[in-house]
Amino acid sequence: MIIEDEQDLLNLYKDFLINKGYYISVTNTTASNIMSDYEEFKPDLVILDYKLPDGKNGLEAANEIFNKYPFASILIISAYDTVKQAFNSEKRFITKNIKLLIKPFKLTKLNELTIELVNRQTNKHVKT
């Protein structure tokens with residue numbers, strides 16, 4: 001599941017991950033439907049942009065998911081280096097399967113973190 005407000009980036013992440021062998025069950029440009037999408041598709045991983053247009057940031061959306069699904073796996077992506085401080089101050093994230101990736105980054109890093117988070121989520125060993 002990929003939530004990214006910039007359609008070009010959403011397509012880039014989606015195409016890259018599909019080419020690596022992943023199945024992308026749902027994409028969206030806002031987090032307004034994040035819970036219904038999560039409940040319908042039960043993805044192994046949510047890739048979530050930090051800054052979203054609907055008044056909910058990625059940390060808030062992640063907390064919303066964790067409130068109902070504490071074992072979810074989430075990768076938050078942000079262009080704002082200052083998000084690190086807010087991310088690191090979220091005490092509940094310490095015990096969760098969540099990572100933060102700061103733009104710009106190489107797509108290989110996206111793949112590495114996807115593998116790590118999916119492996120933890122599914123107890124499988126994906127080698128994509």
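Shown above is the structure to which this text applies.
Below: a short report on this structure. Predicted model only: the values in this text are computed from it and were never measured. (Residues numbered from 1 in each chain as written. Predicted model: local features only at pLDDT ≥ 70, side-chain atom pairs only at ≥ 80, totals over all residues. Heavy atoms only, no water.)

Digging into helix α2 (residues 34-41)
A turn of α-helix holds 3.6 residues, and therefore any two residues three or four places apart point the same way. The test is simple: Partly exposed describes any residue whose relative accessible area lies between the buried limit of under 20% and the exposed limit of over 50%, with all areas from a 1.4 Å probe on protein chains only and scaled to the type maximum. Helical segments are the DSSP runs of H or I of at least four residues, strand segments are the runs of E of at least two, and each set is numbered from the N terminus. Summarising the geometry, the arc corresponds to the directions from the helix axis toward the C-beta atoms.
Ile34, Met35, Asp37 and Tyr38 are the residues of α2 that are buried. Along α2, the residues classed as buried sweep out an arc of 165° about the axis, all on the same side. Two residues or fewer past α2, Lys42 is found with a positive phi of approximately 40°.

Considering the pairing of strand β5 (residues 97-102)
Short version of the rule: A crossover gets the label right-handed when its path from the first strand over the helix to the second runs clockwise, viewed with the strands pointing away from the viewer.
Most of β5 sits out of view: five of its six residues are buried. Regarding the hand of the β-α-β motif, the stretch spanning strand β4 (residues 73-78), helix α4 (residues 83-89) and β5 is right-handed.

A closer look at the pattern of salt bridges
Selection rule: We define a salt bridge as a contact between a side-chain nitrogen of Lys or Arg and a carboxyl oxygen of Asp or Glu at a distance within 4 Å.
For the structure on display, the rule yields eight salt bridges. Glu4 is the salt-bridge partner of Lys103, the closest N and O atoms lying 3.7 Å from each other. You can see Lys103 sitting in the loop between β5 and α5 (107-122) and its partner Glu4 sitting in the loop between β1 (2-3) and α1 (7-19), a full 99 residues away along the chain. Across this residue pair, the class does not change: Lys103 and Glu4 are buried. Of the charged contacts in the structure, one is a salt bridge between Asp81 and Lys84, with a shortest N-O distance of 3.2 Å.

Some words on unusual backbone geometry
Put simply, Lys103 and Pro104 share a cis peptide bond, and its omega is -5°. Residue placement: Pro104 occurs in the loop between β5 and α5.

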